[in-house]
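# Structural overview for review
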Amino acid sequence: SNTPRPNVRARKRAATGAGRRILLVDDNRDIADVVGLILGKSGNTVKKANDGSTALSVASRFRPTIAILDIGLPDMSGYELAKRLRKQKGLAELKLIAMTGYGGEANRQHAKRAGFSEHLPKPVELDHLLATIERISAPATGKKGSQMRRTGGGERKPPARRSARTTSARPGDRSSPRRGGRRG
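Residues numbered from 1 in each chain as written. Predicted model: local features only at pLDDT ≥ 70, side-chain atom pairs only at ≥ 80, totals over all residues. Heavy atoms only, no water.

Looking only at helices and strands, the protein chain features seven helices and seven strands. Within the protein chain, the fraction of its 184 residues that count as buried is 32%. In the protein chain, the proportion of contacts linking residues at least 24 apart, taken out of those at least 6 apart, comes to 58%. When the accessible surface of the protein chain is totalled, it reaches about 11,500 Å², and 51% of it is carbon and sulfur. (Helix = DSSP H or I, 4+ residues; strand = E, 2+ residues; numbered from the N terminus. Buried < 20%, exposed > 50% of the residue type's maximum accessible area, 1.4 Å probe, protein only. Contact = heavy atoms within 4.5 Å. Areas by Shrake-Rupley, 256 points an atom, 1.4 Å probe, with all protein chains shown as cover.)

Attention shifts here to unusual backbone geometry. For the bond from Lys122 to Pro123, the omega torsion is 0°, close enough to zero to count as cis. Turning to its location among the elements, Pro123 is positioned in the loop between strand S5 (118-121) and helix H6 (126-137). Of note, the phi angle at Arg63 is positive, near 55°, even though the residue is not glycine. Mapping Arg63 onto the fold places it in the loop between helix H3 (52-62) and strand S3 (66-69).

We now examine the pattern of salt bridges. A complete count under the given rule lists eight salt bridges for this structure. We note a salt bridge from Asp26 to Lys122, for which the minimum N-O separation is 2.7 Å. Separated by 96 residues along the polypeptide, Asp26 in the loop between strand S1 (21-25) and helix H2 (29-41) and Lys122 in the loop between S5 and H6 bring together distant segments of the chain. Overall, Asp26 belongs to the buried group, its relative accessible area being 0%. Taking the relative accessible area as the measure of exposure, Lys122 reaches 15% and is therefore buried. Between Arg135 and Glu118 there is a salt bridge, and its shortest N-O distance comes to 2.5 Å. Of this pair, Arg135 sits in helix H6 while Glu118 is found in strand S5, placing the two residues 17 residues apart along the sequence. Counted as one network, the salt bridges with shared partners bring together Asp26, Asp70 and Lys122. (Salt bridge = Lys/Arg side-chain N within 4 Å of Asp/Glu carboxyl O.)

Let us look at helix H4 (residues 78-87). Residues of H4 that are buried: Gly78, Tyr79, Leu81, Ala82 and Leu85. Projected down its long axis, H4 carries its buried residues within an arc of 160°, all on one side. Where H4 is buried, its residues touch S1, H3, S3, strand S4 (95-100) and helix H5 (105-113). (Arc of directions from axis to C-beta.)

Taken as a whole, the protein chain shows an average pLDDT of 77; of its residues, 66% reach a score of 70 or greater. pLDDT under 50 marks residues 1-8. Its contacts with residues more than four places away, or in other chains, come to one contact. Between residues 143-184, whose pLDDT stays under 50, and residues either more than four places distant or in other chains, the model counts 44 contacts. (pLDDT = per-residue confidence, 0-100.)

This part is about the packing of aromatic side chains. The final tally for this structure, using the stated rule, is one aromatic pair. A centroid spacing of 6.3 Å and a plane angle of 85° characterise the contact between Tyr79 and Phe116, whose relative ring orientation is edge-to-face. On the criterion of sequence distance, the pair formed by Tyr79 in helix H4 and Phe116 in the loop between H5 and S5 is long-range, its members being 37 residues apart. Residues Tyr79 and Phe116 agree in their burial class; the two are buried. (Phe/Tyr/Trp six-rings, centres within 6.5 Å; stacked < 30°, edge-to-face > 60°.)

Below you can see the structure in the form of structure tokens.
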């Protein structure tokens, strides 16, 4: 039959996105528009900004629970923006995701030191971004076991990890699983 099948995964995401307030900051308006649309259709409330100053102004009124920040912004770095956002009243516990073209290990470590929960190099697979938001939104239980996942048989295993090759591909490495090898 040609009847469209409902996307159960998309409906599930939309139902779980309720209540999330996401600030999306990227100087590339096309990226901000597309990612913002997907996040909104996934049940999140999204506000966008294209520079750090605007993001600070929006955040003071919007009170996001998650901020997705580009690192290379025109008026300040995403690291500086993260620091300033966390100083705003009520945002000390803001969850931060770096979504950036700076994908090297040094950049990943800098993001970690700056308080980012995740560092996602562009281009970001939207399903991966949605899964990351879901994961960092889950309430922390404070138990070591909370970092474990259940398998089909009920036993617990550590969370699946991406291979080092996937996360640290060097520019120009044509054997890289990333599309195109080199980034421009």
